[in-house]
Amino acid sequence: MDGTETRQRRLDSCGKPGELGLPHSLSTGGLPGASENGALRTPESQSVTPKPLETEPSRETAWSIGLQVTVPFMFAGLGLSWAGMLLDYFQHWPVFVEVKDLLTLVPPLVGLKGNLEMTLASRLSTAVQATVVGLLAAVAALLLGAVSREEVDVAKVELLCASSVLTAFLAAFALGVLMICIVIGARKLGVNPDNIATPIAASLGDLITLSILALVSSFFYRHKDNRYLTPLVCLSFVALTPVWVLIAKQSPPIVKILKFGWFPIILAMVISSFGGLILSKTISKQQYKGMAVFTPIICGVGGNLVAIQTSRISTYLHMWSAPGVLPLQMKKFWPNPCSTFCTSEINSMSARVLLLLVVPGHLIFFYIIYLVQGQSVINSQTFVVLYLLAGLIQVTILLYLAEVMVRLTWHQALDPDNHCIPYLTGLGDLLGTSLLALCFFTDWLLKSKAELGDISELASGPP
């Protein structure tokens, strides 16, 4: 869901040779450029064998990583908790009750905030991508929703498309500005932006995106009698897209984003849409009461942690290797899971730190929701254990896949931030929503069996 801002940070930081302990061959020449197919091009002067990992002067320890990550992670969790409670509140609004497909839009639109380029230079490309992806998210929601319906309401289709496009545009623009402010602030404070930018932007991003979606869709719903409003909004954005493209062509880096940055974002949107379908089909059923509250949390926690790890591994490779060349100890595309979590290597250490944050983090966020919403939140011990287990499974799978995908994309001389994070956060949404629904179903099933057992005992007892 996040972390794509690191490209600009690396360009800034690599301007000072030796500041981050870069090998001389990289520190004197700067970072490789991008080729015409979107891959990272390595100049001939830099096509050298990377340093062995054994010579790496690691400055970070597990404690330093933990200290930097924990505070923004907890801050992000607070935002995710409020986002969950907002979604639980919004689901009772008339527009969400009548247009159920709006709930299918929640994961892809929330995920969109981290999958678009968030640097200042690419704000115009963000506008173009947000417009197109917003329309595609609405189409995906309609197609997935049409599976269980025989006819399509044209008015609801127009409302869905207009809400999706306008929400995607406003959220992407606002969060692009927010990401810039966070990265600049982190650099001034001397903190690694990889550790804090992702969770802070994600926490505020979920709140902003959900709020914009609710307000925009409610506005269109209140004015549904105006038959020209929603089509006019959609057509206006479509008409402005060529204008933004023409302006964006003035900058070659933005042109590359517009040419080659579509596939990861669109595929991530499709993956997230399946998570949204699960949410929309379960949110109103009694046995899944609480899905709206916990979905943003479990999806957000998994997406934040895997985005941090992906960004860290990508930064590491930019520092210690050349695009297309994997370091000695990262030659295997499918590493042993033990090497991902159980070695002394810096990326393995950060994976352990992030994994250790899952259980205490979810417990704290669960308790915050319980304090605010009281008995309306499911709080059985069985569900809590299942929920924590689901969170661990989700993050473990995502962290391992991050290691695999970064190696594969780097071997292809592609930028891991732009190509891995969208897929992983989309997969995190799907995994989180699926595992959460399974937790609710399993807890309901165990309770039903226990209740049937009690009834049987009463029936077979003495008269």
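Conventions used here
Residues numbered from 1 in each chain as written. Predicted model: local features only at pLDDT ≥ 70, side-chain atom pairs only at ≥ 80, totals over all residues. Heavy atoms only, no water. Core = buried A, V, L, I, M, F, W, Y, C linked by side-chain atoms within 4.5 Å. Buried < 20%, exposed > 50% of the residue type's maximum accessible area, 1.4 Å probe, protein only. Helix = DSSP H or I, 4+ residues; strand = E, 2+ residues; numbered from the N terminus. pLDDT = per-residue confidence, 0-100. Contact = heavy atoms within 4.5 Å. Expected span 1.5 Å × (residues − 1). Bend = angle between axes of the 7 residues up to and from the residue. 1 Å grid on protein atoms, 1.4 Å probe; cavity = no way out; pocket = protein on both sides within 12 Å on 5 of 7 lines; lining within 4 Å. Points joined across faces, edges and corners; volume = space filled by probe spheres on them. Nonpolar A, V, L, I, M, F, W, Y, C, P; charged D, E, K, R; others polar. Axes fitted to C-alpha atoms, helices over the stretch in contact; angles between N-to-C directions. Parallel < 35°, antiparallel > 145°, perpendicular 65-115°, else oblique. Left-handed = near helix turned anticlockwise from the far one by under 90°. Phe/Tyr/Trp six-rings, centres within 6.5 Å; stacked < 30°, edge-to-face > 60°.

**A look at the nonpolar core**
In this structure, Leu102, Phe294, Phe383 and Tyr387 are the most contacted members of the largest nonpolar core, which totals 105 residues. A per-element tally of this core places helix 12 (residues 291-320) first, with 16 residues.

**Description of the confidence of the model for the chain**
Of the residues in the chain, 76% have a pLDDT of 70 or more, and the chain-wide mean is 77. Averaged pLDDT values for the elements of the chain fall to 34 in helix 2 (residues 24-27) and rise to 94 in helix 16 (residues 381-411). Segment residues 41-57: pLDDT under 50, and 31 contacts once partners within four positions in sequence are set aside and those in other chains are kept. Every residue in residues 116-123 scores below 50 in pLDDT, and together they form 29 contacts with partners more than four places removed in sequence or on other chains.

**Topic: the environment of glycine 391**
Assignment of secondary structure puts glycine 391 in helix 16. Assessed through its relative accessible area of 0%, glycine 391 is described here as buried. For glycine 391 and leucine 431, which are 40 residues apart along the polypeptide, the C-alpha to C-alpha distance reads 9.5 Å. Beyond its immediate chain neighbours, meaning those up to four positions away, glycine 391 contacts Ile298, Val358 and His362.

**Regarding unusual backbone geometry**
For alanine 413, which is not a glycine, the phi torsion comes out positive at approximately 60°. Assignment of secondary structure puts alanine 413 in the loop between helix 16 and helix 17 (416-460). For alanine 413, a relative accessible area of 14% gives the class buried.

**Here we look at helix 9 (residues 229-248)**
The terminal C-alpha atoms of helix 9, which comprises 20 residues, lie 28 Å apart, in line with the 28 Å expected from a rise of 1.5 Å per residue. At threonine 241, helix 9 shows its strongest bend, of approximately 25°, with the proline proline 242 following within four residues.

**Observations regarding empty space enclosed by the protein**
The tally for this structure, following the rule as stated, stands at one cavity of 30 Å³ or more. Considering only enclosed or pocket space, the largest cavity measures out at about 110 Å³ in volume. As for the largest cavity, its lining consists of twelve residues, and the residues nearest its centre are Val106, Pro107, Val110, Pro296 and Cys299. Those elements giving two or more residues to the lining of the largest cavity turn out to be helix 5 (101-115), helix 8 (193-222) and helix 12. Considering only residue class, the lining of the largest cavity consists of eight nonpolar, two polar and two charged.

**Considerations on the packing of helix 3 (residues 62-90) against helix 12**
Between helix 3 and helix 12, whose axes approach to 8 Å, the crossing angle comes to 150°. In terms of axis orientation, helix 3 runs roughly antiparallel to helix 12. As helix 3 packs across helix 12, the resulting crossing turns out to be right-handed. For the pair formed by helix 3 and helix 12, the contact residues are Ile65, Val69, Phe73, Ala76, Leu80, Ser81, Ala83, Gly84, Leu87 and Asp88 on the first element and Ala292, Val293, Pro296, Ile297, Gly300, Val301, Asn304, Leu305, Ile308 and Arg312 on the second. Looking at the contact of helix 3 with helix 12, its residues break down into 14 nonpolar, four polar and two charged.

**Let's talk about the packing of aromatic side chains**
On inspection of all chains with the given rule, the structure shows 16 aromatic pairs. Note on phenylalanine 169 and phenylalanine 237: the rings are 5.3 Å apart at their centroids and 65° apart in plane angle, and the pair reads as edge-to-face. Here phenylalanine 237 lies in helix 9 and phenylalanine 169 lies in helix 7 (residues 154-189), a separation of 68 residues in the sequence. Take phenylalanine 237: its relative accessible area is 11%, and that puts it in the buried class. Relative to phenylalanine 383, the ring of phenylalanine 366 has its centre 6.4 Å away and its plane inclined at 45°; by these criteria the two rings are tilted. Linking phenylalanine 366 in helix 15 (residues 358-373) with phenylalanine 383 in helix 16, this pair joins segments that are 17 residues apart in sequence. What makes phenylalanine 383 buried here is its relative accessible area of 0%. Here a set of aromatic residues connected by ring pairs shows up, and it is made of Phe294, Phe366, Phe383, Tyr387 and Phe440.

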